[in-house]
Amino acid sequence: MSEWLVLAVAIAAACAVVILITFVRDRRAPEDEDPSDTPDVIEYMTMWIGVVYAIVLGLAIAGVWEARGVAQDHVSTEAHALHEISERVRVYPPDVRDRIRDDVNAYVGHVVKTEWKEMADNGKVTERGDQLLRRVRVGITDYEPTTNFQAQAYLPLLDQVTVADQARTARADSTGPTMPGVVWFGLIAGGMITVGMIFALQIRRTPRELILAGLFSTLIAFLLFLIWDFDAPYSRGITATADPFLTLFPGAGR
């Protein structure tokens, strides 16, 4: 199901629920009911419930957006570390240098063309990616420097491999949803309570009130959709991209 279809269904369902409940409530309301006779305490509670829920929604949106930014940072860190490895091995003998660069390019190509789709579809990285990165590490650690210049480059290369490995692990940990189930329960229950308080104010079936109630429900449905859309940094909505890999390794996507 596409994201736009999910949004359309959520908005339509929210509006339909408001209209249906309003219609049923109006049909069953006593003839002598006075819609303007709403206790002040209900108006006060409705206002504060809306304020509190707005704060919760804002924090949730900020949280998933920050998680998306962190996920993109992991990708950038990993790509730059691999690029540093590819550049720093130029002090090694040609055969060693070319072998390590080929291993780096093979790993980056696998991430861009295969692993990224696996993360989007199944929320996990691939074992093949682990193997290719391990080959890069082995290629660096197994070479014994023969000159002082090569020895000076050896430890920084090991550091960059460690950085790439840590960034890959962090990227793997960020592939799934970032919002716990209990938070989703609170968001959905809070949305239902907030919309439900509209009926505590004895809303009538006038076009103006129905339109405002529908717009309010639509806004809450849209904000919940926005949180859901950002909740998976690599698979939905404005996702983290592989652009850092493609920028530093232009041939990786071919």
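Note that the coordinates shown come from a computational prediction; the quantities given were computed from them, not determined experimentally.

Asker: Go over the overall build of the protein chain with me, naming the residues and quoting the values.
Answerer: Looking only at helices and strands, the protein chain has 8 helices and 0 strands in total. Within the protein chain, the proportion of its 254 residues that are buried is 37%. Counting only contacts in the protein chain whose residues sit at least 6 apart along the sequence, the fraction spanning at least 24 positions is 81%. On the protein chain, roughly 14,200 Å² of surface is accessible, and the fraction owed to carbon and sulfur atoms is 62%.

Asker: How would you summarise the UniProt feature "transmembrane region" (unreviewed entry) in the protein chain if you had to cite specific residues and measurements?
Answerer: Look at the UniProt record and you will see "transmembrane region" (unreviewed entry) annotated at residues 6–24, 45–65, 182–203 and 210–228. Span residues 45–65 is 100% helix and 0% strand, its end C-alpha atoms 30 Å apart.

Asker: Tell me about the packing of helix α3 (residues 94–122) against helix α4 (residues 127–141), and please be specific about residues and values.
Answerer: Geometrically, a packed helix pair is captured by the angle between its two axes and the distance between the axes. Packing of α3 against α4 leaves a shortest axis separation of 9 Å and a crossing angle of 165°. Overall, the two elements α3 and α4 adopt an arrangement that is roughly antiparallel. As for how α3 packs across α4, the hand of that crossing is left-handed. On α4, the residues that touch R99, I100, D103, V104, A106, Y107, H110 and E115 of α3 are R128, G129, L132, L133, R135, V136, G139 and I140. Considered class by class, the residues forming the contact of α3 with α4 number 8 nonpolar, 3 polar and 5 charged.

Asker: Lay out the side chain of D103 in plain terms, naming residues and giving numbers.
Answerer: Looking at the secondary structure, you find D103 in helix α3. Despite its burial, D103 remains without a salt bridge, the nearest opposite charge being carried by R135 at 4.1 Å. Ignoring anything within four residues of it in the chain, the contact list for D103 reads R135 and V136.

Asker: Give me the packing of aromatic side chains: which residues, what numbers.
Answerer: The tally for this structure, following the rule as stated, stands at 4 aromatic pairs. A centroid spacing of 4.7 Å and a plane angle of 40° characterise the contact between Y92 and Y143, whose relative ring orientation is tilted. One end of the pair, Y92, is in the loop between α2 (40–88) and α3; the other, Y143, is in the loop between α4 and α5 (148–173), with 51 residues separating them in the sequence. For the pair shown, Y92 and Y143 are each scored as buried. Centroid distance F225 to W228: 5.8 Å. Interplanar angle 40°. Geometry classified as tilted. Residue F225 and its partner W228 are located together in helix α7 (residues 207–230), separated by 3 residues, close to a single helical turn. Under the relative-accessibility criterion, F225 is labelled buried at 8%. A cation over a ring is seen here: R68 above W65, with NZ or CZ 5.6 Å from the ring centre.

Asker: Please provide a residue-by-residue account of the pattern of salt bridges, values included.
Answerer: Evaluated as defined, the whole model comprises 8 salt bridges. Taking the shortest distance from any N to any O, the salt bridge between K117 and D121 comes out at 2.7 Å. Placement of the pair is K117 and D121 together in helix α3, with a separation of 4 residues, close to one helical turn. Overall, the relative accessible area of 55% leaves K117 in the exposed class. Note that R137 is salt-bridged to D165, the shortest N-O span being 3.1 Å. With a gap of 28 residues between them, R137 in helix α4 and D165 in helix α5 connect regions that are remote in the sequence. What makes D165 partly exposed here is its relative accessible area of 29%. Each of E78, E115, D130, R168 and R171 takes part in one network of salt bridges that share partners.

The rules behind these values
- Residues numbered from 1 in each chain as written.
- Predicted model: local features only at pLDDT ≥ 70, side-chain atom pairs only at ≥ 80, totals over all residues.
- Heavy atoms only, no water.
- Helix = DSSP H or I, 4+ residues; strand = E, 2+ residues; numbered from the N terminus.
- Buried < 20%, exposed > 50% of the residue type's maximum accessible area, 1.4 Å probe, protein only.
- Contact = heavy atoms within 4.5 Å.
- Areas by Shrake-Rupley, 256 points an atom, 1.4 Å probe, with all protein chains shown as cover.
- UniProt positions renumbered as here; feature names shortened; annotations may be inferred.
- Axes fitted to C-alpha atoms, helices over the stretch in contact; angles between N-to-C directions.
- Parallel < 35°, antiparallel > 145°, perpendicular 65-115°, else oblique.
- Left-handed = near helix turned anticlockwise from the far one by under 90°.
- Nonpolar A, V, L, I, M, F, W, Y, C, P; charged D, E, K, R; others polar.
- Lys, Arg positive; Asp, Glu negative; His and termini not counted.
- Salt bridge = Lys/Arg side-chain N within 4 Å of Asp/Glu carboxyl O.
- Phe/Tyr/Trp six-rings, centres within 6.5 Å; stacked < 30°, edge-to-face > 60°.
- Lys NZ or Arg CZ within 6 Å of the ring centre and 35° of its normal.

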